[in-house]
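# Architecture and fold: a report
Chain residues, written in single-letter form:
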Protein chains: 2
Amino acid sequence: MDDDDLRRGRPTTHRAFGEATAILAGDALQALAFEILADPATDSIAEVRAVLCAGLARAVGLAGMVGGQMLDLDAEGATAPLSVKEIARLQAMKTGALLRFSVEAGSRLGGAGAKAGAALSAYGRAIGAAFQVADDILDAEGDAATLGKRAQKDAGRNKATLVGALGVEGARRELARLVDEATSAVDAASLGAAGDVLRATARFVAERKK
Amino acid sequence: MDDDDLRRGRPTTHRAFGEATAILAGDALQALAFEILADPATDSIAEVRAVLCAGLARAVGLAGMVGGQMLDLDAEGATAPLSVKEIARLQAMKTGALLRFSVEAGSRLGGAGAKAGAALSAYGRAIGAAFQVADDILDAEGDAATLGKRAQKDAGRNKATLVGALGVEGARRELARLVDEATSAVDAASLGAAGDVLRATARFVAERKK
């Protein structure tokens, strides 16, 4: 929807294969995600499979990814920039909901108890938010060669980013806060050494260069 | 994907609201379909909900609607027209799979037994095929005012339609055969008067003017 030529240094799907094929590829992959979650091979308990399908549907639908993307498109055409609170809500929907669901799905499939499940849900929410703030910072500061996509593509547009609302330094502080929040949530889940990969993921989200 | 201006006499979504909004509306509605099927209010038995989600995923994914649409796009660019068998397969995927799933979902939610379920599945397959043949005939013969969309839009293009492969009269015979097949399947399901709406639906699919 940003009509960009590159993602992670490779041509975007609609550039390489055409818009119709790109739309169909997205639709096919979304259906495949539900097919996998509903497959008895994913979990032998039907209740778990049904709950996962419902969770993915909410994460990608109007209350999640699609709704957030729509708010983002609306913000571009709006006369006044969004407030920090509005941007945080938009980003929680656009990318946060799906990242959070991914963590929650793993937590459920892994048989986490109520306390660990709640902590992992908080972790998912924090890294979802951190991912998007890091993306905004990379977009404002990165160069296209490292980034593998067009940089500063939001410059001069009324785009809903925390860098625009808080400045780069403010966004960096928010990112650090979110990584701390994610790390504390992993501690609260009492996973022992099994939590290390989640801590490393939180750092990766904040420190990635593309 | 046919970039048409009208559907059923009203502006297409991408003309009225833009392409990005149209794509997001489709994505949101697809997610909503899964959300409804996975909702305990739809059926109290989790196994039923999980099976419905899996069935919808297959009907709309690569083996169904998306795959059929992709074959259709490929056929337009191909040098040789598709065979009748290839067209039937494409149409069974593109529109047939979703119509068939809709009937099967109703049959399952309504608690149909094995015999009635198999008969209703055959009915769904037949009206799915009939719907698409009727669409091809309307497109070849209809005028835009009645049809509510551009007519003869496939003229001069290498489009996968049974009218192209069998001629209008051949397509009409195929349509009549499919309606008979659907009606016989309703009889085989032994639904009594409850089957009347299904018989009427089969006739509607064949006789609709737009």
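Scroll up for the structure.
Please read these numbers as outputs of a predicted model, since none were measured by experiment.

## A short note on the overall build of chain A
Secondary structure assignment for chain A yields 9 helices and 2 strands. When the elements of chain A are put in sequence order from the N terminus, they spell out β-β-α-α-α-α-α-α-α-α-α. Radius of gyration (C-alpha) of chain A: 18 Å, near the 17 Å computed for a compact globule of 210 residues. Projecting the C-alpha coordinates of chain A onto the three principal axes gives extents of approximately 50 × 40 × 30 Å. Looking at chain A as a whole, 43% of its 210 residues are labelled buried. At a minimum sequence separation of 6, the contacts of chain A that also span at least 24 residues come to 66%. For chain A, the accessible area works out to roughly 10,500 Å², and carbon and sulfur atoms hold 58% of it. Of note, chain A has its 26 positive side-chain charges centred 3 Å away from the centre of its 28 negative side-chain charges.

## Comments concerning the relation of the copies chain A and chain B
Both copies of the chain are related by one operation, a rotation about an axis with a shift along it. Of the transformation placing chain A onto chain B, the axial shift is 0.0 Å and the rotation is 180°, giving an RMSD of 0.0 Å. One copy is carried onto the other by what is essentially a two-fold rotation axis.

## With respect to the pattern of salt bridges
Applying the stated rule across the entire model yields 28 salt bridges over all chains. Note that B:D135 and B:R208 form a salt bridge whose closest N and O atoms lie 3.1 Å from each other. With B:D135 in helix 6 (residues 114-141) and B:R208 in the segment after helix 9 (196-207), this pair connects stretches of sequence that are 73 residues apart. On the accessibility criterion, B:R208 (9% relative accessible area) is buried. Overlapping salt bridges bring together A:D2, A:D4 and A:R7 as one network.

Parameters at a glance
Residues numbered from 1 in each chain as written. Chains lettered and ligands numbered in written order. Predicted model: local features only at pLDDT ≥ 70, side-chain atom pairs only at ≥ 80, totals over all residues. Heavy atoms only, no water. Helix = DSSP H or I, 4+ residues; strand = E, 2+ residues; numbered from the N terminus. Rg over C-alpha atoms; globule rule 2.2 N^0.38 Å. Buried < 20%, exposed > 50% of the residue type's maximum accessible area, 1.4 Å probe, protein only. Contact = heavy atoms within 4.5 Å. Areas by Shrake-Rupley, 256 points an atom, 1.4 Å probe, with all protein chains shown as cover. Lys, Arg positive; Asp, Glu negative; His and termini not counted. Charge placed at Lys NZ, Arg CZ, Asp CG, Glu CD. Least-squares fit on C-alpha atoms with pLDDT ≥ 70 in both. Salt bridge = Lys/Arg side-chain N within 4 Å of Asp/Glu carboxyl O.

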